[in-house]
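Given next are the chains, with one letter for each unit.
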Amino acid sequence: MRAWQVGRLGEPADVMTLAEVSEPVVQPGHVLVDVAATALNFPDVLMARGEYQLRPSLPFVPGVEVCGRVVEVGEGVTGVAVGDRVVGTSAPPAGGLAERALMPAAAVFPAPESLDDAQAAALTIGYQTAYVGLVRRAGLTAGETLLVHAASGGVGSAAVQVGKALGARVIAVVGGTEKASAARDLGADMVVDRTAVDLVPALKEAAGRGGVDVVFDPVGGTAYEASTKVIAFEGRIVVVGFAGGTIPAPALNHALIKNYSILGLHWNLYLAREHSVVEEAHRQLTAWAAEGRIAPLVSERLPFEQAVDALTRLGQGRTTGRVVVLAPR
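Residues numbered from 1 in each chain as written. Predicted model: local features only at pLDDT ≥ 70, side-chain atom pairs only at ≥ 80, totals over all residues. Heavy atoms only, no water.

### Observations concerning the overall build of the protein
Applied cut-off: Helix and strand labels come from DSSP, where a helix needs a run of H or I of at least four residues and a strand needs a run of E of at least two; each type is numbered from the N terminus. A 1.4 Å probe rolled over the protein chains alone gives each residue an accessible area, and that area as a share of the maximum for its type sets the label: buried under 20%, exposed over 50%, partly exposed in between. Every residue pair with non-hydrogen atoms within 4.5 Å of one another is taken to be in contact. For every accessible area listed, the method is Shrake-Rupley and the probe measures 1.4 Å; residues are considered covered only by the protein chains on display.
Broken down by element type, the protein carries twelve helices and 15 strands. If one aligns the C-alpha atoms of the protein with their principal axes, the spans along those axes are about 60 × 40 × 35 Å. Per-residue burial for the protein yields a buried fraction of 55% across its 329 residues. Looking at the protein alone, contacts between residues at least 24 apart form 67% of all its contacts between residues at least 6 apart. Carbon together with sulfur atoms contributes 51% to the accessible area of the protein, which is approximately 13800 Å² in total.

### Topic: the sheet that holds strand β11 (residues 212-217)
This is how the line gets drawn: Only strands joined by at least two bridges in the DSSP assignment are considered to pair. For helices, the fitted axis covers only the stretch in contact; all axes are lines through C-alpha atoms, and the angles between them, taken along N-to-C directions, range from 0 to 180 degrees.
Read from one edge to the other, the open sheet built from six strands follows the order β10-β9-β8-β11-β12-β13, with strand pairing classed as parallel. Unpaired on one side and paired on the other, β10 (190-193) and β13 (261-264) mark the two borders of the sheet. Neighbour-to-neighbour, the strand axes of this sheet turn through a mean angle of 20°, independent of strand direction. Sheet analysis places β11 next to strand β12 (residues 231-239), joined by five bridges and oriented parallel. Across the sheet, V214 pairs through a bridge with R236, a residue of β12. Those strands touched by helix α5 (residues 154-165) are β8 (145-148), β9 (169-174) and β11, and its axis lies near 170° from that of β8.

### A closer look at the side chain of S152
Position of S152 relative to the elements: it lies in the loop between β8 and α5. The contacts of S152, once residues within four sequence positions are left out, are S157, V174, K179, A182, T320 and G321.

### Here's the deal with the nonpolar core
Rule in force here: In this description, a nonpolar core means a group of buried Ala, Val, Leu, Ile, Met, Phe, Trp, Tyr and Cys residues linked to one another through side-chain atoms lying within 4.5 Å.
By size, the foremost hydrophobic cluster in this structure holds 80 residues, and its most contacted members are L97, L134, L146 and V162. Ignoring any residue separated from it by four or fewer positions in sequence, one finds V162 in contact with Y127, A130, Y131, L134, L285 and W288. The next biggest cluster of nonpolar side chains, apart from the first, holds 19 residues, and it includes A202, A207, A226 and A255.

### Concerning the pattern of salt bridges
Pairing is possible between side chains that carry opposite charge, provided their charged atoms lie close to one another. Convention followed: By convention in these notes, a salt bridge is any Lys or Arg side-chain nitrogen within 4 Å of a carboxyl oxygen on Asp or Glu.
Across all of its chains, the model carries 15 salt bridges by this definition. Measuring nitrogen to oxygen at the nearest pair gives 2.8 Å for the salt bridge that ties E65 to R322. Taken together, the residues span a long stretch of sequence, with E65 in strand β4 (residues 65-73) and R322 in strand β15 (residues 322-326) at a distance of 257 residues. Like R322, E65 is buried.

### Considerations on the pairing of strand β14 (residues 298-302)
In plain terms, the rule: A crossover counts as right-handed when, viewed with the strands pointing away from the observer, the path leading from the first strand over the helix to the second turns clockwise.
The pairing of β14 with β15 spans four bridges and is parallel. Counterpart to E300 in the pairing with β15 is V323. Handedness of the crossover is the feature at issue here: the chain leaves β14, passes through helix α12 (residues 307-315), returns alongside β15, and the resulting connection is right-handed.

Right under this line is the structure:
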């Protein structure tokens, strides 16, 4: 089969090649799928660089978020059958940028009928992260104010829509006019373009005297620091990642004085430790999708041959919403 392989560590454009490789062999506890679409994620770039916590052996096929059709079920797998259309995460080294991919059964969910393959491929990581972060970790409720950093990106765009579905007032922070337009289309109540204004005063004006109740932060660095200036009494900052490249060192005395909480979220742990949490997230997200309350912002549906260019732009922060690579046919 055809697959994009990472043969050594580095930038995707330098280390990925299109190759003919053997099909993955289904393993116990896994399913083999015919890939329909693969939604690209920043971890795909980090794995190519060797900077992600998961470091598959070389060579490996990247592409961690997949929509496909089950063609074989491994030993011990229940609740999934050949022919099912599914979404979920792949099992590198047999990732989704290939004609067929392996997926751990615990990370496989029914594909929502209301979403096409490209949209469905983008539903798992970003939307479940947003849902679990905002509902389980932060306890966001209707009427509260939510601040979302990188709001036009993959996980940020999901957080905007999940926040609106929960009835929150959403302030979106983006970088550039095109991304500002995308955040408005997602339903954000207020949009702050950090490239055009002084961020902290702009956030204070947007938040009002009460501040923001919940912050969803996949960026870190200066975004986190700005959040601490506008967080409300008993507010919650959900730390999702550090796409900005800098891991902040929180001043805990400041959290004590302002009486706010700093909450970490590693979504993938729930797959292994409390699977019912991700099952509930998927059920609710599927229902919202059917109602038209959420729909992944797929900005690009690209042919298989353009995967490397797409990953390069993603790594450079030059994409909006979700970029999806369609499987070769």
